[in-house]
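Descriptive analysis of the structure
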Amino acid sequence: MNETFVGMPAFPEAAREALDDGTLRGNLRHATHTIRAKRAAAVAEMSDWAELREAGSRIKEYTLRHLDRCLEQLEESVTAAGGTVHWAADAAEANRIVTRLVQETGESEAVKVKSMATQEIGLNEALEAAGIRAYETDLAELIVQLGEDRPSHILVPAIHRNRAEIRDIFRTAMAGWGRPAPEGLSDGPAELAEAARLHLREKFLRARVGVSGANFMVAETGTMVVVESEGNGRMCLTLPETLISVVGIEKVVPTWRDLEVFLQTLPRSSTAERMNPYTSMWTGTTDGDGPRAFHLVLLDNGRTDTLADEVGRQALRCIRCSACLNVCPVYERAGGHAYGSVYPGPIGAILSPQLRGTASEIDASLPYASSLCGACYEVCPVAIDIPEVLVRLRERVVEGGPAVRGGNRVVLRPARGHAAERAAMRAARWTFTHPDALRAGQRLASRARRLRPRTLPGPGAAWTRTRDLPEVPAEPFRDWWERTRGGKEETT
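Residues numbered from 1 in each chain as written. Predicted model: local features only at pLDDT ≥ 70, side-chain atom pairs only at ≥ 80, totals over all residues. Heavy atoms only, no water.

Moving on, we get to the overall build of the protein chain. Counting its regular elements, the protein chain contains 23 helices and twelve strands. As displayed, the protein chain offers around 23900 Å² of accessible surface, 51% of which is attributable to carbon and sulfur atoms. (Helix = DSSP H or I, 4+ residues; strand = E, 2+ residues; numbered from the N terminus. Areas by Shrake-Rupley, 256 points an atom, 1.4 Å probe, with all protein chains shown as cover.)

Printed below as a string of C-alpha cells:
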C-alpha cells in the first residue's frame, strides 16, 4: 500500500471538502464534460464498437483464467530477448528490487514515464529514502510532482488544476527541480508546454536510468507496449542505458494479434483519438539501439487475491482508459483525491478495496462512492460491470465472509458502523423468503400510507437527506392482480 493514503478518512468525509471547493468543481466539470463529448464522437465513428468491446472483454477474461501460463511464457520470452524478469509479491519487495537495480548502476537519479503501478507502491518515496531522485516526465505528472500534490485522474492526473494554477506552480517550483521557468511565463498552453519541454530536455539528455510502466505486455514475444500522447515516454524508453519497467501482472495479453483490439479501443475511449500519437514497443535489448539493460518487475500486490473472486476479478480487465471517471456523477463532484488511492473514480472504488482489503476506513467506504447508475459499465471498453462489483464489495463490508488475503483464505469480519444496515438486510431477506409476512407488511403499509414520514428516523436520516421516500400505493400489486385478473394471466 502507498503510505501516502494510509489513515485517510472515509470517502464521504474526504469528498465533503472537495464539494466546498468551487474552483475544483468547475475544473472537473469542464474537463470531464469536454473529454466525455469528444470520446462519444470518436466511438460513434466505429460501426463495430460493440464487437470490439466484446472482443476486448473476452481476451482479458481468457488471460485472467490462464494468467499463470501467460506469465510463465512472458518470462521466457523476455529472458530470451535479453531482458531480466523479477517477481514482486508486494509493494515493499518491488521497491527493494527497483532501488537495488538503480543503486547497482551507480546513479542517483532516474527519469520516469507515467506508471500508475509505481505510484501504487510509492516508488518515488522509496527511491528518495535511498538518496535517489525520480523525475516525472509526463506533463501532468510533472505538474503534480512540482506542486507536491497527488494525482486525481487516471488519464489526466492534474485535471483538478487550471492553467493559472499550473503557471504559478511552474514559476515557484521548477527551479528547485532543475531548469527554472522562463521569465514572465504566462498561462498560455503553448508557453506552459514549452517551459515543461525545456525543463525536461536536460533531464532526458543526462539520465542513465529510466523507469517505466507498460499498458500491455505480450506473452508471445516478450514485448512491452506504452501508449502516450507527448513523446516524453519515448525519450525515457530509448535514451537511458538501463530501463526498469514495473508492471502489474494483469497487463499481460497472450498474443501480438490481441493488441489489434486494444490499440483501437484504448485511444478512442481515453483521449478520443483515432490512433495514439506515440505507441512505443520494445522487446528485451538490442545492440546499438535503446537501453543496454532491461529489467521487468512483475507486480502482484493484491492482484492474485483479487483474481480469486469470481465477481471482483473483473476489475483486473481494466486498461486504464479513464472513461468511467468522465461519466461518473460522483467523481465529477468529488474529484479524485477523495478516493484515497492512485486509482480514483468508479474503477478505483472496486480495485483499491480488493488490492488493499477493506480494513481501513477509506477502503471500507469506497464501494459506497457510487450512485449505481451504471454509466461506468456502459462506457467501459472491456465491459467491466462495475455496479455488480460494487454491490459485491458492499456485501463484503457489511457481512464479512470468506476472502483471499495475502494468498491465504480468510474469513473477514464485518466493518464497523454497519450494524443497522446489516440488521435491515437480514430483516429484508427474512421477509422476502416468507410470502405471508411480506403480504401482511405490504397491506399494512398501504393502509397507513397517509402516515408516511417525509424522512426516515435514526440511521435512515442520512439516506433521506438527499432522497425522497417513494409514495406508497393504495393497494399492493398482488392484491390488485388478484382483484383485476383473478390471479390468472389473460390469454388471447
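Where burial is concerned, the two faces of strand β2 (residues 109-112) agree: the one with E109 and V111 and the one with A110 and K112 are both buried. Strand direction decides the pairing type here: β2 and strand β3 (residues 133-136), joined by four bridges, are parallel. Within β3, the residue paired with A110 across the bridge is A134. In terms of strand pairing, β2 meets strand β4 (residues 209-212) through two bridges, oriented parallel. If you follow K112 over to β4, its bridge partner there is V211. (Buried < 20%, exposed > 50% of the residue type's maximum accessible area, 1.4 Å probe, protein only. Pairing = 2+ DSSP bridges.)

Take the sheet that holds strand β10 (residues 293-299) next. Ordered in space as β1-β10-β7-β4-β2-β3, the six strands form an open sheet in which the pairing is parallel. Strand pairing shows two members of the sheet lacking a second neighbour, β1 (84-88) and β3, which therefore form its edges. Going across the sheet, the axis of each strand differs from the next one's by a mean of 25 degrees, ignoring polarity. Note: β4 against strand β7 (residues 242-248), four bridges, orientation parallel. For S212, the partnering residue across the bridge sits in β7 and is S245. (Axes fitted to C-alpha atoms, helices over the stretch in contact; angles between N-to-C directions.)

Time to look at the nonpolar core. Counting residues in hydrophobic clusters, the biggest one holds 104 residues, and the most contacted among them are F11, L74, F170 and L296. Aside from chain neighbours lying at most four places away, what touches F11 is V330, A334, A338, Y339, I362, S365, L366 and A369. (Core = buried A, V, L, I, M, F, W, Y, C linked by side-chain atoms within 4.5 Å. Contact = heavy atoms within 4.5 Å.)

It is at 10 Å that the axes of helix α3 (residues 49-65) and helix α12 (residues 259-270) come closest, and there the two elements cross at 115 degrees. Crossing geometry of α3 relative to α12 is assigned as left-handed. Packed against α3, whose contacting residues are W49, L52, A55, G56, I59 and K60, the element α12 presents V261, F262, Q264, T265, R268 and S269 at the interface. The residue makeup of the contact of α3 with α12, split by class, is six nonpolar, four polar and two charged. (Left-handed = near helix turned anticlockwise from the far one by under 90°. Nonpolar A, V, L, I, M, F, W, Y, C, P; charged D, E, K, R; others polar.)

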